[in-house]
2 protein chains.
Amino acid sequence: MRSLWLLLIPCLSLSLAPFVQTEKGLEFPRYDGNDRVIDINDKNYKKAMKKYSILCLLYHKPIPDGKELQKQHQMTEMVLELAAQVMEEKEIGFGMVDSHEDVKVAKKLGLVEEGSVYVFKGDRVIEFDGLLSADTLVEFLLDLLEEPVEVIGNTLELRAFDRMEEDIRLIGYFKNDESEYYHEFKEAAEQFQPYIRFFATFEKSVAKELTLKMNEVDFYEPFMEEPVTVPDRPNSEEEIVAFVTEHRRPTLRKLRAEDMFETWEDDLEGIHVVAFAEEEDPDGYEFLELLKEVARDNTHHPGLSIIWIDPDDFPLLIPYWEKTFHVDLFKPQIGVVNVTDADSIWLEIDEQDLPTAQELEDWIEDVLSGKVNTEDDDDDNDDDDEDDDDKDDNTSENPKQYFPSFP
Amino acid sequence: MRSLWLLLIPCLSLSLAPFVQTEKGLEFPRYDGNDRVIDINDKNYKKAMKKYSILCLLYHKPIPDGKELQKQHQMTEMVLELAAQVMEEKEIGFGMVDSHEDVKVAKKLGLVEEGSVYVFKGDRVIEFDGLLSADTLVEFLLDLLEEPVEVIGNTLELRAFDRMEEDIRLIGYFKNDESEYYHEFKEAAEQFQPYIRFFATFEKSVAKELTLKMNEVDFYEPFMEEPVTVPDRPNSEEEIVAFVTEHRRPTLRKLRAEDMFETWEDDLEGIHVVAFAEEEDPDGYEFLELLKEVARDNTHHPGLSIIWIDPDDFPLLIPYWEKTFHVDLFKPQIGVVNVTDADSIWLEIDEQDLPTAQELEDWIEDVLSGKVNTEDDDDDNDDDDEDDDDKDDNTSENPKQYFPSFP
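Residues numbered from 1 in each chain as written. Chains lettered and ligands numbered in written order. Predicted model: local features only at pLDDT ≥ 70, side-chain atom pairs only at ≥ 80, totals over all residues. Heavy atoms only, no water.

### Some details on the side chain of Asp259(A)
Residues and elements named next belong to chain A.
Part 1: For aspartate 259, the position within the fold is in the loop between β11 (252–254) and α11 (260–265).
Part 2: Owing to a relative accessible area of 8%, aspartate 259 belongs among the buried residues under this scheme.
Part 3: Residues in contact with aspartate 259, not counting those within four places in the same chain, are Asp129, Gly130 and Tyr195. (Helix = DSSP H or I, 4+ residues; strand = E, 2+ residues; numbered from the N terminus. Buried < 20%, exposed > 50% of the residue type's maximum accessible area, 1.4 Å probe, protein only. Contact = heavy atoms within 4.5 Å.)

Have a look at this one:
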């Protein structure tokens, strides 16, 4: 059975729940064995489109030969089956499209990236390129079922909005929910749901706190203190969509399960500046605050895009990252990662004495200028590529470090 | 294969990762097929204890007859195998103890609850009674590897401490890390790691902000603004342990994957007051703030213990909870749940006009006095128990509601 386990286990859970539980109220759902996922083809795709308010199509490579790969494929199917079962009453349908057998359908539906789930909702198509686990997918779909615009009714609710600094979000002030401009705003919101959050208020007091004029829309980049106002209010749907599209890549963003692969693919010239910081840890928090400061000071630099990873969000990847990148993730780290071979180089950080914002900024400038890059150090460490495999255990003995010339 | 899927899927993930990824750097670990989990018995348990700095033993029921149950058991084993593989370099060992075959060993080691993982670290035994998924278990063990006391070095780090209002935490002010009282504090911390967080500072400025005197220890209950000071400083390990043990059940606590079953078992006379609130949602946030206010006002009431569940943390359970409890989890909810049969009764909440703290308090008093209970309404709804099964879909048509007499 072993080959089967290979893919099952990473986030496998609950096996014990049925044994341990005498109490009721925490039973996790289990797949009931009914097939709900449709094998989409030229004949049935229109019917499926009609039948469901939301249809999720996994665009996948042809089912491979070789037992193990086939089992991987089966498991993928099972993720969809469980999601389909859990979401059945919400009228959400699931299907699979084979990238070779169903070329025509794929073309018609605009499916491009193998491995992505394309979600059809009304006249929209939303690509899901995140962690394909039942819970990540279900959470994503539940977010899609919420109103595209959340209304902030009072200043207490506004605090909830203030706390979402990790997310790209927009907020507009409108007369009421009949306002044509609110309608335009809502239409724009639907284009980005659930990745970008849209809020509105009809309350003068709330608008005042946000210094929003009537029919004005502010765009908040993650971790930035000051929003950018969408110009030329009142704005049409098209204006808002264009503005968001232009401004959506942030200077600093957090890696999220729901779009982690998409984010990773969105590299700049093959590299990512990656920062590991555990927000729950005092050092990690302090380092993150530094990083935000640097990001704020350099937000107008088009070439700067930093990915912050909170190791707590991906516990199973921690040992993998420590091996691959030769870093100790019990403390904050920042480095440059080459996404083609995962070769990387890291700033040496003294936990007791974190770098200053200026030192961090200088290092980042060296990265952007190419003075710091992942190749220079490869002579003193030829086994980079082997290091990526699980057998390597000299994480601590053989760290890759770079010593920037600090002022 | 279906019966096998039953347990695999809930949190199954990554099946697609190998297909989608052209970039490197986000590869999740897969079980390599090597057996690492030890079948513990009378002969080998001492050796295993010696060999590993940390040993995790799953105390389980005898392997059942019946294919499906056996496969469930295999899957449980696989969760441990992957955790063992991922944690191998950290010198953490894993084993299984059969509650019938290995009665003797279980007695010697003090294993009691079937389905729990007992973690042996030095002379300590820590029970893990949370979600048995590889990532929850690995995160738990990584927390165990950190220092039992985190040192707060400056006021910026103190802000990280301030943000942890969800957690029970203690903080002490000591001369330096050689102080004998710091040593006592550290010994106490080890008794509660990783469930209860211990912090210390040697900085006068930090102590001043916390109004801590030298060798003084403050205990913070979750969501309470003011800490309680452990009496009679300087305190011995025993004094601190006794104090924490006495004060550890909070008035309001958040359900966490790492101890969700333990928390659920910790009911008061068979019931839980359960509040659902999505912190990321403005209404949920507003309701949560209300709830905290009520909890603060009633923290001295020994009979009051509220469990807050953020649905975002358990997406797969949302549809299950909506069916079982007949509530709409897109909006905040508070109710009483009978843990023996999951029968429940919920306060009717108008999303546009949330109850006041006073109204919430009155309702909670009615619960504590028994005036609100899960039985009274059962006449108008005889199929409670059937409602628990997945076929039931009249969530919205047939909600259970209670109309408290508000002032």
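Next comes the rest of the description.
### Regarding the domain arrangement of chain A
Often, the extent of an interface is quoted as the loss of accessible area upon association of its parts.
Residue and element names in this part refer to chain A.
Part 1: Along its sequence, chain A is carved into domain 1 (38–144), domain 2 (150–247) and domain 3 (252–369).
Part 2: In this structure, domain 1 and domain 2 have C-alpha centres spaced 32 Å apart.
Part 3: Residue-level contacts link nine residues of domain 1 with six residues of domain 2.
Part 4: Here domain 1 packs against domain 2, burying approximately 540 Å² in sum over the two surfaces, 46% of which is carbon and sulfur. (Domains from an automatic or database assignment. Buried area = accessible area lost by both parts, 1.4 Å probe.)

### Overview of the sheet that holds strand β15 (residues 344–346) of chain A
Neighbouring strands of a sheet are bound in pairs by backbone hydrogen bonds; such pairs are parallel or else antiparallel.
All names here are of chain A.
Part 1: Read across the sheet, five strands follow the order β11-β13-β12-β14-β15 without closing on themselves; strand pairing throughout is mixed. Edge strands, defined here as strands with exactly one partner in the open sheet, are β11 and β15. Geometrically, the sheet is characterised by an average inter-axis angle of 25° between neighbouring strands, direction not taken into account.
Part 2: Pairing geometry for β11 and strand β13 (residues 306–309), over three bridges, is parallel. Paired with arginine 253 across the strands is isoleucine 307, a residue of β13.
Part 3: Helix-sheet contacts for helix α14 (residues 357–368) involve β12 (271–276), β13, β14 (333–338) and β15, and the interaxial angle to β14 is about 5°. (Pairing = 2+ DSSP bridges. Axes fitted to C-alpha atoms, helices over the stretch in contact; angles between N-to-C directions.)

### Some thoughts on the sheet that holds strand β1 (residues 38–39) of chain B
All names here are of chain B.
Part 1: The mixed open sheet is built from five strands, whose spatial order is β1-β3-β2-β4-β5. Edge strands, defined here as strands with exactly one partner in the open sheet, are β1 and β5 (124–128).
Part 2: Of the pairings in the sheet, the one linking β1 to strand β3 (residues 92–98) comprises two bridges and is parallel in character. Across the sheet, the residue bridging to aspartate 39 is methionine 96, located in β3.

### Details of helix α13 (residues 317–325) of chain B
Residue and element names in this part refer to chain B.
Part 1: Along α13, nine of the nine residues are buried, which leaves the element largely enclosed by surrounding structure.
Part 2: When we look at burial in α13, the residues that qualify are Leu317, Ile318, Pro319, Tyr320, Trp321, Glu322, Lys323, Thr324 and Phe325.
Part 3: Remark: histidine 326 follows α13 within two positions and exhibits a positive phi of approximately 55°.

### Thoughts on the environment of His272(A)
Residue and element names in this part refer to chain A.
Part 1: By the element assignment, histidine 272 lies in strand β12.
Part 2: A relative accessible area of 2% places histidine 272 in the buried class.
Part 3: Sequence separation between histidine 272 and glycine 335 is 63 residues, and the spatial gap between their C-alpha atoms is 8.3 Å.
Part 4: Among the polar contacts listed, one links the side chain of histidine 272 to the backbone oxygen of tryptophan 264, at a separation of 2.7 Å. (Polar contact = N/O pair within 3.5 Å; in protein donor to acceptor, adjacent residues only side chain to side chain.)

### With respect to the confidence of the model for chain A
Residues and elements named next belong to chain A.
Part 1: Model confidence for chain A is summarised by a mean pLDDT of 86, while 87% of its residues fall at 70 or above.
Part 2: Overall, residues 1–21 carries pLDDT values under 50, and its contacts beyond four positions in sequence, including any with other chains, amount to 89 contacts.
Part 3: Across residues 380–407, where pLDDT falls below 50, the model places 51 contacts with residues more than four positions away in sequence or in other chains.
Part 4: With pTM at 0.87, the complex prediction returns an ipTM value of 0.86. (pLDDT = per-residue confidence, 0-100.)

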